[in-house]
Amino acid sequence: MGIPEVLRPGSDITIVTYGACCRIVLEAARLLSQVGIEAEVIDVQTLLPFDPERHILKSLKKTSRILFVDEDVPGGTTAYMLQEVIENQGGYYWLDSPPQTLPGKPHRPAYGSDGDYWSKPNIEQIFDKVYEIINEIDPTNFPVFFK
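Since the structure is predicted, the reported quantities are computational estimates derived from the model, not experimental observations.

**Student:** Is there a simple way to think about the overall build of the protein in this case?
**Tutor:** Helix and strand counts for the protein come out as 5 helices and 5 strands. Going residue by residue from the N terminus, the α and β elements of the protein occur as β-β-α-β-α-β-α-β-α-α. Since a compact globule built from 147 residues should have a radius of gyration of about 15 Å, the 15 Å found for the protein is in line with a globular shape. For the C-alpha atoms alone, the extent of the protein along its principal axes is close to 40 × 35 × 25 Å. Put simply, the protein has 147 residues, and 46% of those count as buried.

**Student:** Any chance you could explain the nonpolar core here in plain terms?
**Tutor:** Taken as a class, soluble globular proteins show a tendency for nonpolar side chains to be buried jointly. Core analysis: the largest hydrophobic core is formed by 21 residues, its most contacted members being Ile13, Ile15, Ile37, Val69, Ile126 and Val130. Among the secondary structure elements, those contributing two or more residues to this core are strand 2 (13-17), helix 1 (21-34), strand 3 (39-43), strand 4 (66-69) and helix 5 (123-137). With sequence-adjacent residues up to four places away left out, isoleucine 13 is seen in contact with Glu38, Ala39, Glu40, Thr63, Arg65, Ile66, Leu67, Val130 and Ile133. Grouped together as the second largest cluster of nonpolar side chains are 13 residues, Ile42, Val44, Phe68 and Leu95 included.

**Student:** Just checking my understanding: could you explain unusual backbone geometry for this structure?
**Tutor:** Working note: non-glycine residues mostly have negative phi, and peptide bonds are mostly trans. Across the junction of leucine 48 and proline 49, the peptide omega takes the value 0°, indicating a cis bond. Within the secondary structure, proline 49 sits in the loop between strand 3 and helix 2 (55-63). Positive phi outside glycine occurs at glutamine 45, with the angle close to 70°. Along the chain, glutamine 45 turns up in the loop between strand 3 and helix 2. Residue class for glutamine 45 comes out partly exposed when judged on its relative accessible area of 40%. Of note in the backbone geometry, serine 64 takes a positive phi value of approximately 65° without being a glycine. Assignment of secondary structure puts serine 64 in the loop between helix 2 and strand 4. For serine 64, a relative accessible area of 13% puts it in the buried group.

**Student:** Is there a simple way to think about the pairing of strand 3 in this case?
**Tutor:** As a general feature of sheets, a regular strand has side chains that alternate between the two faces. Judged by how many residues are buried, strand 3 sits mostly within the fold: 5 of 5 residues are covered. Neither face of strand 3 is open: one carries Ala39, Val41 and Asp43, the other Glu40 and Ile42, and all of them are buried. With 3 bridges joining them, strand 1 (residues 5-8) and strand 3 adopt antiparallel strand pairing. Its bridge partner being in strand 3, valine 6 is matched across the sheet by isoleucine 42. Sheet topology note: the strand 2/strand 3 ladder contains 5 bridges and is parallel. Residue pairing for strand 3: threonine 17 is matched across the bridge by aspartate 43. Between strand 2 and its parallel partner strand 3, the chain crosses via helix 1, and the hand of that crossover is right-handed.

**Student:** Would you mind showing me how to read the pattern of salt bridges here?
**Tutor:** When charged atoms on two side chains of opposite charge get close, those side chains can pair. Counting across every chain of the model gives 4 salt bridges. With a shortest N-O distance of 3.1 Å, glutamate 38 and arginine 8 are connected by a salt bridge. Note that glutamate 38 is positioned in the loop between helix 1 and strand 3 and arginine 8 in strand 1, a separation of 30 residues in sequence. Looking at glutamate 38, the relative accessible area reads 27%, which means it is partly exposed. On the basis of relative accessible area, arginine 8 is assigned to the buried category, the value being 17%. In this structure, the salt-bridge partner of arginine 30 is glutamate 27, at a minimum N-O distance of 2.6 Å. A residue pair is termed a helical-turn pair when its members lie 3 or 4 positions apart in one helix, as arginine 30 and glutamate 27 do in helix 1 at 3 residues. Here glutamate 27 falls in the partly exposed class, since its relative accessible area comes to 26%.

Analysis parameters
- Residues numbered from 1 in each chain as written.
- Predicted model: local features only at pLDDT ≥ 70, side-chain atom pairs only at ≥ 80, totals over all residues.
- Heavy atoms only, no water.
- Helix = DSSP H or I, 4+ residues; strand = E, 2+ residues; numbered from the N terminus.
- Rg over C-alpha atoms; globule rule 2.2 N^0.38 Å.
- Buried < 20%, exposed > 50% of the residue type's maximum accessible area, 1.4 Å probe, protein only.
- Core = buried A, V, L, I, M, F, W, Y, C linked by side-chain atoms within 4.5 Å.
- Contact = heavy atoms within 4.5 Å.
- Pairing = 2+ DSSP bridges.
- Right-handed = clockwise from strand over helix to strand, strands pointing away.
- Salt bridge = Lys/Arg side-chain N within 4 Å of Asp/Glu carboxyl O.

Given below as structure tokens:
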């Protein structure tokens, strides 16, 4: 209980997620690797207890960038995970870019899975958010194509 699992090793950014978002984040990480961005994907496994051995912090020390992805509403689980890692574990010491969250939309999700794409984070949103973070530090190699 409480021991996160590294689903995909990476060196450029740490993406923290859990549950149904793991599959979506892994696919986004695969696509990001095709443009030269290696994302470390971590499944937190449980929220209580939350990473007592600080595996996420170890990943953050390696990548210096972090994104929390979850299907909960803004201010929900992504905010909790951010607070645990950045505030309570001192992760802010290791950041080279501002920490980011990518939660679900601020509304009640659809009952059917056909509404998931619009109410929860999707592959394109994750790709775009990570690319934007990496663009900030290396705009020459990762130029903005559209906005």
